[in-house]
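# An overview of the molecular structure
The chain contents come next:
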Amino acid sequence: MVNMSDKNLQVLIVEDEQLLNEAYARVLTAANIALLRAYNGKEALELLKENKPDIILLDLRMPVMDGIEFLKRLNPKENCPETKIIVFSNYDDQREIDEAFSLGAMHYMLKAWATPDELVKLIREVDNASQPVS
Amino acid sequence: MNSRTLRSEIDTAKHSTIDYRQIFRDIPDPCLLLDAADPDYTVIEVSKARESILDAPREEVVGRPLFSVPPYTTEMFTDAFIQDLREHMRHAIRTGRSYQLEPMPLPVRGVNGVKRTAYLQTTYVPLRDPSGAVRYALVITHDVSDEIHAAEQAKTIESRLSAALKMGNVGSWVYDVATGRVIGDGNFMRMFKMSKKSAATYSLDMLMESVHPDDRMRVTASVKQSLEQGSLFEEEYRVILSDGTQRWLLARGEPVAQEDGLQFSGVVVDLTEQRDLRAQVELAREQDRLNRRAARILQQRNEELEAISRSKDEFVALASHQLRTPATAVKQYIGMVLQGYVGGITSEQADVLGRAFESNERQIQIINQILSAARVDTGRLVMAPASIDLRLLAQSIARDMESDVQGSGHTLTLNLTPNPVQVTADIDYLRMAIENILHNAIVYTPPGGHITLTLKARGSSCVLSIIDTGVGIKKADLSKLFVKFSRIHNPLSVEAGGSGIGLYLAAEIVRLHGGVIDVESRVGKGSTFAISMPIVKDIGVKSAHEQS
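Residues numbered from 1 in each chain as written. Chains lettered and ligands numbered in written order. Predicted model: local features only at pLDDT ≥ 70, side-chain atom pairs only at ≥ 80, totals over all residues. Heavy atoms only, no water.

### Topic: the sheet that holds strand E5 (residues 107–110) of chain A
All names here are of chain A. Here is the rule we go by: Note on pairing: two strands pair once DSSP finds at least 2 bridges between them. A run of H or I in DSSP counts as a helix once it spans at least four residues, and a run of E counts as a strand once it spans at least two, with each numbered from the N terminus. With axes taken as lines fitted to C-alpha atoms, and helix axes fitted only over the stretch in contact, angles between N-to-C directions fall between 0 and 180 degrees. Residue contacts follow a heavy-atom distance rule, with two residues in contact if any of their heavy atoms lie within 4.5 Å.
Taken in spatial order, the five strands make up an open sheet running E2-E1-E3-E4-E5, and their pairing is parallel. Each edge of the sheet is formed by a strand with only one pairing partner; in this case those strands are strand E2 (34–38) and E5. Across the sheet, the mean angle from the axis of one strand to that of its neighbour is 20°, orientation sign disregarded. Note that strand E1 (residues 10–14) and strand E3 (residues 55–58) share four bridges and pair parallel. Looking at E3, one finds that Val-14 is bridged to Leu-58. Sheet contacts for helix H6 (residues 116–128): E1, E3, strand E4 (84–89) and E5; angle to E4, the most-contacted strand, approximately 155°.

### Quick look at the side chain of Asp-38 of chain B
Residues and elements named next belong to chain B. Quick reminder of the rule: Burial classes: relative accessible area under 20% of the type maximum marks a residue as buried, over 50% as exposed, and values in between as partly exposed (1.4 Å probe, protein chains only). Neither His nor the chain termini are counted; the positive set is Lys and Arg, and the negative set is Asp and Glu. Between Lys or Arg on one side and Asp or Glu on the other, a salt bridge is scored when a side-chain nitrogen of the former is within 4 Å of a carboxyl oxygen of the latter. Counting of polar contacts relies on pairs of N or O atoms within 3.5 Å, with two restrictions inside protein: one atom must be capable of donating a hydrogen and the other of accepting it, and residues adjacent in sequence are counted only when both atoms are side-chain atoms.
Position of Asp-38 among the secondary structure elements: in the loop between strand E1 (31–35) and strand E2 (43–46). Arg-86 provides the closest opposite charge to the buried, unpaired Asp-38, separated from it by 7.9 Å. Within the structure, the side chain of Asp-38 is placed 2.8 Å from the backbone nitrogen of Asp-40, a separation counted as a polar contact.

### Comments concerning empty space enclosed by the protein
Where empty space is left in the structure can be found by rolling a water-sized probe over the atoms. Residue and element names in this part refer to chain B. For clarity, the threshold we go by: Cavity: a set of points on a 1 Å grid over the protein atoms alone where a 1.4 Å probe fits but cannot get out. Pocket: an open set with protein on both sides within 12 Å along at least five of seven lines, its lining residues, like those of a cavity, having an atom within 4 Å of a point. Grid points are joined across faces, edges and corners, and a volume is the space filled by probe spheres set on the points. Three classes are used: nonpolar for Ala, Val, Leu, Ile, Met, Phe, Trp, Tyr, Cys and Pro, charged for Asp, Glu, Lys and Arg, and polar for all others, with Gly counted as polar.
Considering all chains together, one arrives at two cavities of 30 Å³ or more under this definition. By volume, the largest cavity amounts to about 200 Å³. Taken together, 16 residues form the lining of the largest cavity, with Trp-173, Leu-204, Met-208, Phe-233 and Tyr-237 sitting closest to its centre. Of all elements in the fold, only strand E7 (170–176), helix H6 (204–210), helix H7 (213–229), strand E10 (233–240) and strand E12 (261–270) reach the threshold of two or more residues within the lining of the largest cavity. For the lining of the largest cavity, the per-class residue count stands at 16 nonpolar, no polar and no charged. Looking at the second largest cavity, the residues that line it are Arg-50, Leu-54, Pro-71, Tyr-72, Phe-77, Leu-101, Met-104, Leu-106, Leu-120, Thr-122 and Thr-141. Of all elements in the fold, only strand E4 (104–109) and strand E5 (115–128) reach the threshold of two or more residues within the lining of the second largest cavity. Its residues assigned to classes, the lining of the second largest cavity shows eight nonpolar, two polar and one charged.

### Here we look at the nonpolar core
All names here are of chain B. The cut-off we apply is this: In this text, buried Ala, Val, Leu, Ile, Met, Phe, Trp, Tyr and Cys residues form a nonpolar core when linked through side-chain atoms within 4.5 Å.
Counting residues in each nonpolar core, the largest one holds 48 residues, and the members touching the most others are Leu-390, Ile-434, Ile-466 and Ile-531. Among the elements that line this core, the one with the most residues is helix H12 (residues 427–443), at nine residues. Sequence-distant contacts of Ile-531, defined by excluding residues within four places in its chain, comprise Ile-434, Ile-437, Cys-462, Val-463, Leu-464, Ile-466, Val-510, Val-516 and Ile-517. In terms of nonpolar packing, the next biggest core, distinct from the first, is built from 28 residues, Leu-34, Val-43, Val-61 and Val-139 among them.

### Some remarks on the environment of Ser-465 of chain B
Residues and elements named next belong to chain B. Along the chain, Ser-465 turns up in strand E17 (residues 461–468). Between the C-alpha atom of Ser-465 and that of Ser-532, which follows or precedes it by 67 residues, the distance is 8.5 Å. Once residues lying within four places of it in the same chain are set aside, the contact partners of Ser-465 are Thr-452, Leu-453, Thr-454, Thr-528, Phe-529 and Ala-530.

### Topic: the pairing of E5 of chain A
Across a regular strand the side chains alternate sides, sitting on one face of the sheet and then on the other. Sheet analysis places E4 of chain A next to E5 of chain A, joined by four bridges and oriented parallel. Each bridged residue has a counterpart across the sheet, and for Ser-89 of chain A the counterpart in E5 of chain A is Leu-110 of chain A.

### As for the packing of helix H2 (residues 41–50) of chain A against helix H3 (residues 67–74) of chain A
Residue and element names in this part refer to chain A. Quick reminder of the rule: With respect to orientation, any angle under 35 degrees is reported as roughly parallel, any angle over 145 as roughly antiparallel, any angle of 65 to 115 as roughly perpendicular, and every other angle as oblique. Take the far helix as your reference; a near helix turned counterclockwise from it by less than a right angle gives a left-handed crossing, and one turned clockwise gives a right-handed crossing.
Orientation of H2 relative to H3, taken along the N-to-C sense of each, is 30°, at an axis distance of 9 Å. Considering the angle they form, H2 stands roughly parallel to H3. Here H2 and H3 pass one another in a crossing that is right-handed. Across the interface between the two elements, Gly-41, Ala-44, Leu-45 and Leu-48 of H2 pack against Phe-70, Arg-73 and Leu-74 of H3.

Following this line, the structure appears as structure tokens:
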């Protein structure tokens, strides 16, 4: 288990799969990370009206509003340049990833690669980095 | 008659002896006057016509033996031939009867001075005096070229006509309406397979017997109509010959009113070959139509299959992606327990869960490989080429797989060239290819085996070899090695449990890098997989949009 620093880090999980959403919540909570949880882009936009998380862990293919549409609506470069967005998807369609990056995402990881430790490590690295983490 | 008149007559007579020679000279035909009593047949005089035609001037002819003047000097007149001619001349003189030689092609000079070959016919004419004795002989030559050519032409025309008639199988016939009999020529008889090959007479009814029953009424009606109306008769019909064969004939004729009644004559042509040919052409056309139709159907089927294949690929991609999610969830939850996110566990529990975690990892790898294979199949595997040091990549792979090697009780030896080996490659895909081969070396080698990784650079290419002391591959199985989903049975195949994709993918990836994989193997001894790749070369980038 990777322990986090004392810093009060907040992550918004945007993941439609109940099991995965819950798994990430358990892992991040155990790692002392504050959470916001949404199951699609629309819910995430609602949460962002009141909150400013440090990191958004964003799935791309979701019902109601997918990750790309969410990024288009959010326009993070204009509206929340401080928020770092990690595309966390099981699809590795390069066009989709490129589009997400052009809309303000800075990092990408295939969900299937990440163990809980690797997820926490990624979040910590992204939080500390000013450049994209690959 | 007075003396003056007598003198005049004598003078004329005197003169006339000279005139005979002159007259002879002026004879328009080429001829010679010979001394018949002379065994050499010395030439007494020659006509001017002969001089010019045979191109032999008087001084070269007169006073000489006949057979020493042209044209007897030409090669054509052999000694034996001249002997023969001499005999004929002697015979003619002795009997007083003319002898005519066969026409011979001889070189002559035409009126315009142009030399040509002409057919000359020579006649030996013995001349009797009033006492009946032969004292002189004439050799008269005629140019019979025109007659010969005409005869030859006639012969050619005749043979051509005959050939044409035979080739066209044209027969002619005359139907005598009054007697009801048909007279046909040889061809006509042949067509009806009648016994006689020359013209013969048969009754119309008898001939009608050989007409195909299905055509008989039509032909009979047509003959009748033609006779009644005096119109042209033309019918195409089948005849069944005595030997049972069937032939197609076209008969054409016209009734003509004659003094002694109506005569109906015409020709008949055998169309069987043409009809066969037409049938063949028609058959060929039909075949062509069928071929085109088959091609269209095949193309359509091909498009359908391509569509099915596309949807299969899409399905495989979709299913694989869908499979990733539950496998990812398993990874997270087992990972949470193993990595201490939900409290501690016993080492035995950790061991059991570790096996579940490994199995899940393998499942995720297979899914990734299926997705990569699907991309290769659809040409959507995109390379991100960069210049890399293959030596460093080999070292990195060896490090990463060290635990697998040790876990299987093997030893891994690196035998790499000391210098960097720069290749242009997509490092992730090339790593996948090498790892797939190394993975096979590990699982298909009984515990305690040796695996060696060697890297050699030779000129513009390099060879990375993965050598094991494993179960080996039968010769018969080598061809199946890189075929997608093919499984090869060996003592370890059940335990190894491969997906049948790893080597296929490795070969495709190496191929996309401009390289090739060679395999050498001995059953029970081990295998060597040698990846040959060009050193620094741009690799082909496929037209696709995805990249792992």
